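Summary of the model geometry
Spelled out, the chains give:
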Amino acid sequence: SSKTFWATTGMFPQELIIGFPQCVKISKVAIQCYLVRTLRIERSTSKDPVGFEQCVEKDLQHTEGQLQMEEF
């Protein structure tokens, strides 16, 4: 939702872990961000947040003060 957000501490790297009560199929991930250099999406099918495998990694184009929008 564009009405919710995650504010960072400014330290690197930054992580956001989203958990679901059961396995789900995700067909698209849409990201809106500012000043992100590289974005990596990983997944885990474990009940606990361990054993992640990389799905995609992308260097984002630098856009000074403008919203970066990406879909995977």
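Now for a description of the structure that goes with this document. The structure displayed is predicted, hence computed values, not measured ones.

Looking only at helices and strands, the chain features zero helices and four strands. Starting at the N terminus, the α and β elements of the chain follow one another as β-β-β-β. With the principal axes as the frame, the chain shows a C-alpha extent of 40 × 25 × 20 Å. Residue burial in the chain is summarised as follows: out of 72 residues, 7% are buried. Within the chain, counting contacts between residues at least 6 apart in sequence, those at least 24 apart form 45% of the total. Counting only carbon and sulfur atoms, one obtains 52% of the accessible surface of the chain, whose full area is about 7000 Å². Side-chain charges in the chain split into 8 positive and 9 negative, and the spacing between the mean points of these groups amounts to 7 Å.

Moving on, we come to the state of the cysteines. Here the structure, examined in full by the defined rule, presents zero disulfides. Of all cysteine sulfurs, the one in cysteine 55 lies closest to cysteine 23, which takes part in no disulfide; the gap is 13 Å. Its relative accessible area of 47% is what places cysteine 55 among the partly exposed residues.

Once that is clear, we can look at unusual backbone geometry. Comment: phi is negative for the bulk of residues other than glycine, and the bulk of peptide bonds are trans. Positive phi is not limited to glycine here, since leucine 35 has a value of about 55 degrees. Secondary-structure assignment places leucine 35 in the loop between β1 (30–33) and β2 (38–43). A residue is classified by how much of its surface remains accessible, and leucine 35, at 53% relative accessible area, is exposed.

What follows concerns the side chain of glutamate 70. Tracing the sequence through the fold places glutamate 70 in strand β4 (residues 68–71). Judged by its relative accessible area of 17%, glutamate 70 falls in the buried class. With residues near it in sequence (within four places) discarded, glutamate 70 still touches Val29, Ala30, Ile31, Lys58 and Leu60.

Quick look at the pattern of salt bridges now. Across all of its chains, the model carries five salt bridges by this definition. The salt bridge partner of arginine 43 is glutamate 53, with a shortest N-O separation of 3.2 Å. Separated by 10 residues along the polypeptide, arginine 43 in strand β2 and glutamate 53 in strand β3 (residues 53–59) bring together distant segments of the chain. A salt bridge links lysine 58 to glutamate 70; the shortest N-O distance between them is 2.8 Å.

Parameters and conventions
Chains are numbered independently. Their residues run from 1 in the order of the written sequence. Side-chain atom pairs in this predicted model are given and counted only at pLDDT of 80 or more, local residue features only at pLDDT of at least 70, and totals for whole chains, interfaces and linings cover all residues. Side-chain measures were taken over the full set of non-hydrogen atoms in the model, leaving aside hydrogen atoms and water. In this description a helix means any DSSP run of H or I spanning at least four residues, a strand means any run of E spanning at least two, and both kinds are numbered starting from the N terminus. Partly exposed describes any residue whose relative accessible area lies between the buried limit of under 20% and the exposed limit of over 50%, with all areas from a 1.4 Å probe on protein chains only and scaled to the type maximum. Contacts are assigned to residue pairs with any non-hydrogen atoms lying within 4.5 Å of each other. We get accessible surface area from the Shrake-Rupley algorithm with a probe of 1.4 Å; when it comes to residues, only the shown protein chains can shield them. By the counting scheme adopted, Arg and Lys are positive, Glu and Asp are negative, and His together with the chain ends is not counted. Working definition for charges: the position is that of NZ of Lys, CZ of Arg, CG of Asp or CD of Glu. When the sulfur atoms of two cysteines come within 2.5 Å, that pair is taken as a disulfide. Here a salt bridge means any side-chain nitrogen of Lys or Arg lying within 4 Å of a carboxyl oxygen belonging to Asp or Glu.

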